[in-house]
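Spelled out, the chains give:
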Amino acid sequence: MKTLPILLKDGYKVGHKFQYPDGTTLVYSNFTPRKSRNPEQNEIVFFGLQYFIKEYLIRQFDENFFQRPKAEVIQQYKRRIDNYLGKDCIPYDHVEALHDLGYLPLEIKALAEGSLVPMRVPVLTIRNTKPEFFWLTNMLETLMSTILWKPSTSATTAFEYFQTFTNYARETVGDDLSFVPWQGHDFSFRGMSGIEDAVMSGAGHLLSFTGTDTIPAIDFLENYYNADCEAELIGGSVPATEHSVMCMGTKDGEIETFERLITEVYPAGIVSIVSDTWDFWQVITEFLPQLKHQILARDGKVVIRPDSGDPVKIIVGDPAAPVGSPEYKGAIACMWETFGGSVTPQGFKLLDAHIGLIYGDSITPARQLSILEGLKQKGFASYNVVLGIGSYTYEYVTRDTFGFAMKATYGEVDGEGRDIFKDPKTDDGTKKSAKGLMAVHRDAVTGKYVLQDQCTWEEEAQGELKTVFLDGKLTIDWTLSEIRTRVQQQL
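Residues numbered from 1 in each chain as written. Predicted model: local features only at pLDDT ≥ 70, side-chain atom pairs only at ≥ 80, totals over all residues. Heavy atoms only, no water.

- Looking at an unreviewed UniProt entry, the protein carries the name Nicotinamide phosphoribosyltransferase, with the source organism given as Runella defluvii.
- Comment text from UniProt for the protein, heading Catalytic activity (unreviewed entry), reads "beta-nicotinamide D-ribonucleotide + diphosphate = 5-phospho-alpha-D-ribose 1-diphosphate + nicotinamide + H(+)".
- The Pathway (unreviewed entry) field of the UniProt record for the protein holds the comment "Cofactor biosynthesis; NAD(+) biosynthesis; nicotinamide D-ribonucleotide from 5-phospho-alpha-D-ribose 1-diphosphate and nicotinamide: step 1/1." (UniProt positions renumbered as here; feature names shortened; annotations may be inferred.)

Here we look at the overall build of the protein
Right, so step 1: From N to C terminus, the protein includes 19 helices and 19 strands.
Right, so step 2: The principal-axis extents of the C-alpha atoms in the protein amount to approximately 85 × 50 × 45 Å.
Right, so step 3: Residues counted as buried form 53% of the 491 residues belonging to the protein.
Right, so step 4: When contacts within the protein are restricted to residue pairs at least 6 apart in sequence, those whose partners lie at least 24 apart make up 76%.
Right, so step 5: With an accessible surface of roughly 21,400 Å², the protein has 50% of that area assigned to carbon and sulfur atoms. (Helix = DSSP H or I, 4+ residues; strand = E, 2+ residues; numbered from the N terminus. Buried < 20%, exposed > 50% of the residue type's maximum accessible area, 1.4 Å probe, protein only. Contact = heavy atoms within 4.5 Å. Areas by Shrake-Rupley, 256 points an atom, 1.4 Å probe, with all protein chains shown as cover.)

Regarding the sheet that holds strand β3 (residues 106-110)
Strands pair in a sheet through their backbones, by hydrogen bonds, and they do so in one of two ways: parallel or antiparallel.
Right, so step 1: The strand order across the open sheet formed by seven strands is β15-β14-β1-β5-β3-β18-β19, and the pairing between neighbours is antiparallel. The strands lining the two open edges of the sheet, one partner per strand, are β15 (416-419) and β19 (473-474).
Right, so step 2: Where strand β14 (residues 404-413) lies against β15, four bridges are found, and the strand directions are antiparallel. What sits directly across from Val413, in β15, is Glu416.
Right, so step 3: In the packing of helix α1 (residues 49-66) onto the sheet, contacts are made with β3, β5 (124-128), β18 (466-470) and β19, and the angle to β18 comes to roughly 20 degrees.
Right, so step 4: Contacts from helix α5 (residues 141-172) reach β1 (24-33), β3, β5 and β14, with the element oriented near 140 degrees to β14. (Pairing = 2+ DSSP bridges. Axes fitted to C-alpha atoms, helices over the stretch in contact; angles between N-to-C directions.)

Notes on the pairing of strand β8 (residues 271-274)
Working note: regular strand, side chains alternate between the two faces of the sheet.
Right, so step 1: Side chains Val271 and Ile273 project from β8 onto one buried face, and the interleaved Ser272 and Val274 project onto a second face that is buried too.
Right, so step 2: Pairing analysis gives four bridges linking β8 to strand β9 (residues 302-305), with the strands arranged parallel. Within β9, the position partnered with Val271 by the bridge is Val302.

Examining the pattern of salt bridges
Oppositely charged side chains are able to pair whenever their charged atoms sit close together.
Right, so step 1: This model, assessed by the stated rule, comprises 18 salt bridges.
Right, so step 2: Across the pair Lys54 and Asp477 runs a salt bridge whose closest N-O atoms are separated by 2.9 Å. Here Asp477 lies in the loop between β19 and α19 (480-488) and Lys54 lies in helix α1, a separation of 423 residues in the sequence.
Right, so step 3: The partly exposed category is assigned to Asp477, whose relative accessible area is 38%.
Right, so step 4: Note that Asp82 is salt-bridged to Lys78, the shortest N-O span being 2.6 Å. One end of the pair, Asp82, and the other, Lys78, are both in helix α2 (residues 70-85), four residues apart, so they sit about a helical turn from each other.
Right, so step 5: Here Lys78 falls in the partly exposed class, since its relative accessible area comes to 26%.
Right, so step 6: Each of Lys13, Glu141 and Lys407 takes part in a single network of salt bridges with overlapping partners. (Salt bridge = Lys/Arg side-chain N within 4 Å of Asp/Glu carboxyl O.)

Some remarks on the pairing of β18
Right, so step 1: Both β3 and β18 contribute to a ladder of four bridges, which runs antiparallel. Each bridged residue has a counterpart across the sheet, and for Lys109 the counterpart in β18 is Thr467.
Right, so step 2: Sheet topology places β18 next to β19; two bridges connect them, and they run antiparallel. Residue pairing across strands places Leu470 opposite Lys473, the latter belonging to β19.

Shown next, in the form of structure tokens:
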């Protein structure tokens, strides 16, 4: 979809240039997570700004605005606005002046991507660098908001999953955390609201994990975050079946399908087989014991994938089921009875390396916690399972999940600075904004980011907000490796 980038805004933004006081020369704004809907999640992982800058502020404005003939651009903009708000509703000389300038006269200062940022601390500030283009700052609010909230939200959610996996690995496995990046696998692609949504979210997932089925998220990280799949592991997966494969083998021939897959199609390596096409418990209690010799003889792992039911009950067991039944024991306990395994230094049972389980339907952070704690209580290590994290997690969120908003806090009119703010009496405090110029510092005791507002320009120049975009050019170019390291250091 090719759209004139200056039209990527809410309709009411069109007239704001003419509504500011006469003599306005500067608008200074910030983008901030204001409030978490999850009381246990009070910090966000900041991610996505570099994509926004490279794709929209540089590539799209360059190709679809500055490099096109001015008359053509103005005609397209005028046609849209005249037929949207009314003929000659506004003058267009400000758009012509921007085209003549040839770049976006803006400065964006931001925290390092991958940083863990508390609520009400800005992740970035933005201002115009030429006085006549004061209107540009908040014109970008719509575009900046719609692009930035999702990758940061998904990166935050992935980090929450990663923290939980890490905690249980330390408790039940020990110091070897090498499997944790594979325990959360991105299954969200088909349930996301469009390709861009899927790849931005999928890239956020890959800041913490390496398992993914969202292939274009890897391209995203190579294109915008200097990653290289030939030099580093960005994301990966394993061969896996779907229900159509199992159905084509017929219900009566299901065990033969299993055997063909693990002995002929994939005689070595990891293969994941969906196992609930008809009767999951028959697969667990009849087929796997019959195929035990072939599974243990392979050089690789057969991963069983249940795909329906209550994931906690399927994996851990259902205390309401008849005592001693497979449903009562749960899949991991049944697989232990068949294959056995080892005991970790922490004293927890770990399935034989030739067999494993992945569950990817309707997983949430709460269900993840119930699964890992349930296994722990039954004496099983966390490494016995991989969880597929899908759109049930990554799409059941909104901009308000962390209250992301872009607001102006400072301006200049006729050379005089004005600290501006909003504080609605009818609000619960969420929408109360900071005031004036801003700086972000590290707290000397906690090491966490804290906001200093109503700064002087000298104070604003200090702190953790660094210039990443200035007058049409990217000034800091983060790599995936750097961002991943920053995320890991915050465990």
